[in-house]
Amino acid sequence: MVTAALADAVSTILGKPVLWVPGLVVGCLAAMDIVLQYYFGTFFLTRLWVIEALAVPFLVAGAYSEIRNTGEEPLTFWSGGIRYYFRLLGPLLVIAFSILATIVLLAIPLSFLGNSTLVLPYIILGSAVPIAFFTFFFDCAAVFEDCRVFESIRRSVEIVLNRPGQVIVFFLVAAGIVILVSLPLMVIWTGLLYENLVPLASMDQGELQALTMETLNGMLGPGGIGLTALFSCIWFTLAGNILLTFKAVFYRHILGQVPQAGTTVPLRGEYDEKGRWYKY
């Protein structure tokens, strides 16, 4: 089913050019961020990230609405982005708060044991990965099934628990897509900026760990920063759009196997001669 969903996703994204908008917009924002941090530093950039992050739910909701649209409604991307914006923003904030609260609750008792900074990365991974795994399809549930905030989170968990094998295969295929897009772009980027990156090869482990953004900016220079911004835009446009469409189409495929939210699964069985119910 995962391969069928991938083929359907490729066909969908080729047949609807508007689905390239989310990745292209995010790619342009990422390219702008790289250029801005070079000229103005990261202080200004961190404030800008908050504004950029607020635009992502609109783009995702618009793309999902366009995929959901069968062709009868015009401008579904824009109307769907407006309609489902808060349907996506609400669960996203709830999930982010849950991850943050879990990290804090685990970090506080461990801080009394000492060396909390050493285990903090493992706490973050151990908290963020499971929560993100089970709530990964909340946005699809919000758009494709009109679920509200907590219902969309619950529906995502239900989908993952009902089809864990297919979901794991989905993530493996998605990782393969990331590698397939990233590897050639990385090779070309490294080849074009080989002379700028030569000093990195002579650095030892300690120097690499102490490498700062200012040092890297100085090595790349304005031309290298421009190329990095361009390749970043290309990566988000290709990988981002393919993964977003693949996720939506995969969810649409899996809906045929898992009962929709709000429906009751009929019990199958029979009564014996004493009136006792036996479920098949």
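Residues numbered from 1 in each chain as written. Predicted model: local features only at pLDDT ≥ 70, side-chain atom pairs only at ≥ 80, totals over all residues. Heavy atoms only, no water.

**What to know about the overall build of the protein chain**
Applied cut-off: Numbered from the N terminus, helices here are DSSP runs of H or I no shorter than four residues, and strands are runs of E no shorter than two. Only protein chains enter the area calculation, which uses a 1.4 Å probe; residues under 20% of their type maximum are buried, those over 50% are exposed, and those in between are partly exposed. Working rule for contacts: check all heavy atoms of both residues, and any pair within 4.5 Å makes them a contact. Method for areas: the Shrake-Rupley scheme with a 1.4 Å probe, in which residue coverage is limited to the protein chains shown.
Of regular secondary structure, the protein chain possesses 12 helices and 2 strands. Counting from the amino terminus, the protein chain carries its helices and strands in the arrangement α-α-α-α-α-α-α-α-α-α-α-α-β-β. Expressed as a percentage of the 280 residues in the protein chain, the buried residues total 35%. Taking the intrachain contacts of the protein chain between residues at least 6 apart in sequence as the baseline, contacts between residues at least 24 apart amount to 71%. Entry remark: accessible area of the protein chain is about 16300 Å², with carbon and sulfur atoms responsible for 72%.

**Quick notes on the confidence of the model for the protein chain**
As a reminder, the rule being used: On a scale of 0 to 100, pLDDT captures the predictor's confidence in every residue.
Looking at the protein chain, pLDDT values average 85 and 88% of them are 70 or higher. Ranking the elements of the protein chain by mean pLDDT puts strand 2 (residues 277–279) last, at 54, and helix 9 (residues 164–192) first, at 94. Throughout residues 261–267 the model reports pLDDT below 50, and contacts reaching past four residues in sequence, or to other chains, amount to 8 contacts.

**Examining the layout of surface pockets**
Once rolled over the atoms, a probe with the size of a water molecule shows which space is left empty. Test applied: Only protein atoms enter the calculation, which uses a 1 Å grid: trapped sets of points that fit a 1.4 Å probe without letting it out are cavities, open sets showing protein on both sides within 12 Å along at least five of seven lines are pockets, and any residue with an atom within 4 Å of a point is a lining residue. Grid points are joined across faces, edges and corners, and a volume is the space filled by probe spheres set on the points. Any residue that is not Ala, Val, Leu, Ile, Met, Phe, Trp, Tyr, Cys, Pro, Asp, Glu, Lys or Arg is counted as polar, Gly included; the first ten are nonpolar and the last four charged.
What the largest pocket holds in volume is close to 800 Å³. As for the largest pocket, its lining consists of 29 residues, and the residues nearest its centre are Val60, Phe136, Asp139, Leu244 and Lys247. Of all elements in the fold, only helix 2 (21–40), helix 3 (42–68), helix 5 (85–111), helix 7 (138–144), helix 9 and helix 12 (213–254) reach the threshold of two or more residues within the lining of the largest pocket. Considering each element in turn, the lining of the largest pocket owes the most residues, 8 residues, to helix 12. Here the lining of the largest pocket is composed, by residue class, of 23 nonpolar, 4 polar and 2 charged. A volume near 220 Å³ is recorded for the second largest pocket.

**Comments concerning the packing of helix 9 against helix 12**
Spelled out, the test is: Here an axis means a line fitted to C-alpha atoms, over the contact stretch when the element is a helix, while the angle between two N-to-C directions is reported on a 0 to 180 degree scale. The labels follow the angle: roughly parallel below 35 degrees, roughly antiparallel above 145, roughly perpendicular from 65 to 115, and oblique for the rest. Here a crossing is taken to be left-handed if its near helix is turned anticlockwise relative to the far helix by less than a right angle, and right-handed if that turn runs clockwise.
One way to put it is that helix 9 packs onto helix 12 with a least axis distance of 10 Å and a crossing angle of 160 degrees. The angle between helix 9 and helix 12 falls in the class roughly antiparallel. Helix 9 and helix 12 meet at a crossing whose hand is right-handed.

**A short note on the side chain of Thr228**
Cut-off, in case you're wondering: In protein, a polar contact requires one atom able to donate a hydrogen and another able to accept it; more generally it is a pair of N or O atoms within 3.5 Å, and residues adjacent in sequence count only if both atoms are side-chain atoms.
Turning to its location among the elements, Thr228 is positioned in helix 12. Within the local environment of Thr228, its side chain forms a polar contact with the backbone oxygen of Gly224, the two atoms lying 2.8 Å apart.

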